[in-house]
Amino acid sequence: MAGPMRIRAQVNGDEVNVRALMAHPMETGFRKDSSGNPIPAHYITEVIASVNGKTVLTAEWSGAISTNPYFEFDVKAKKGDKITLKWIDNKGESKEETVEVK
Amino acid sequence: AARQMENAFQAKKLEEALQALGAANAAESGDVVLTAPDIAENGAVVPMEIESKLPNTEAIALFIEKNPNPLAAVFHLTPDALPRVKTRVKMGQSSDVVAVVKAGGKYYMTKKEVKVTLGGCGG
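Quick summary incoming for the structure in this document. Just so it is clear, the structure is predicted and the values come from calculations on it, not from any experiment.

**A few points about the side chain of A:E72**
Right, so step 1: Relative to the assigned elements, A:E72 resides in strand β5 (residues 70-76).
Right, so step 2: Among the residues examined, A:E72 registers a relative accessible area of 9% and is labelled buried.
Right, so step 3: A distance of 2.7 Å separates polar atoms of two side chains, one belonging to A:E72 and the other to B:R84.
Right, so step 4: Beyond its immediate sequence surroundings of up to four residues, A:E72 is in contact with A:N17, A:V18, A:R19, B:R84, B:V85 and B:K86.

Encoded structure:
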């Protein structure tokens, strides 16, 4: 099941490198269980990254992103800024986590 | 919320997915840098990094030609995000991987073949 999200934000000059690990099954909907019944799709469809509340990057994902997704990107930010990641999946579940750049 | 690029995500063929994204005429460019392994031992977790060296990069998209739905991800960037993203994807079998960049309203692409020794979409 969907679980917590871990975010690391590291200053690199006037940029901040963000690395996130999300706990999510990322079930494609193409697989079948041992009795041959299709396993319903359950994957993150959207990830929104913001700095101090302002959206800087939006990702649209398919079930082809690996289970427990890893996502790395860089933003223009500095020490003390708050970086928030929010994901929404195809069942409408969502998770949001904020870290302060140290 | 429905994905903005839903039609492109539903496409079953690479050409259809590119067309649905508006990127059918993407020009091959050395300024789109796709870093992916030549051989992936585990198709369930294949690292992918896409970097654009083009000014005014607005979006980055990643396609895996032989997956049931080739479009894997689209990243929409504002000027506050740098044009580089890294993630891990599933590949059912050996396939061309295509990275598309939208910059200054135009589309650019590059591709690379990744051989998969153990598929990631089966059981």
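What follows continues from the structure just given.
**With respect to the packing of aromatic side chains**
All names here are of chain A.
Right, so step 1: Tallied over the full model, the rule gives 3 aromatic pairs over all chains.
Right, so step 2: On the numbers, 5.6 Å between centres and 75° between planes, the contact of W61 with F71 is edge-to-face. Pair noted here: W61 is in strand β4 (residues 54-61) and F71 is in strand β5, with a separation of 10 residues, a long-range link.
Right, so step 3: On the accessibility criterion, W61 (0% relative accessible area) is buried.
Right, so step 4: When its relative accessible area of 0% is taken as the criterion, F71 is described as buried.

**Considering the side chain of A:N17**
Right, so step 1: By the secondary structure assignment, A:N17 is in strand β2 (residues 15-22).
Right, so step 2: A polar side-chain atom of A:N17 sits 3.3 Å from a polar atom in the side chain of A:R19.
Right, so step 3: Within polar-contact distance, the side chain of A:N17 engages the side chain of A:D74 at 2.9 Å.
Right, so step 4: Ignoring anything within four residues of it in the chain, the contact list for A:N17 reads A:R8, A:A9, A:Q10, A:E72, A:F73, A:D74 and B:R84.

**Side note on the interface of chain A and chain B**
Right, so step 1: Taken residue by residue, the interface counts 31 residues in chain A and 33 residues in chain B.
Right, so step 2: When the two sides are added together, the surface that chain A and chain B hide from each other amounts to roughly 2,700 Å², 48% of it contributed by carbon and sulfur.
Right, so step 3: For the interface between chain A and chain B, the tally reads 3 salt bridges.
Right, so step 4: Summed over the shared surface of chain A and chain B, the number is 24 residue pairs in polar contact (both at pLDDT 80 or more).
Right, so step 5: Per-element tally for the side of chain A that touches chain B: the top contributor is β4(A), with 8 residues.

What counts, and where the lines are drawn
Residues numbered from 1 in each chain as written. Chains lettered and ligands numbered in written order. Predicted model: local features only at pLDDT ≥ 70, side-chain atom pairs only at ≥ 80, totals over all residues. Heavy atoms only, no water. Helix = DSSP H or I, 4+ residues; strand = E, 2+ residues; numbered from the N terminus. Buried < 20%, exposed > 50% of the residue type's maximum accessible area, 1.4 Å probe, protein only. Polar contact = N/O pair within 3.5 Å; in protein donor to acceptor, adjacent residues only side chain to side chain. Contact = heavy atoms within 4.5 Å. Phe/Tyr/Trp six-rings, centres within 6.5 Å; stacked < 30°, edge-to-face > 60°. Buried area = accessible area lost by both parts, 1.4 Å probe. Salt bridge = Lys/Arg side-chain N within 4 Å of Asp/Glu carboxyl O.

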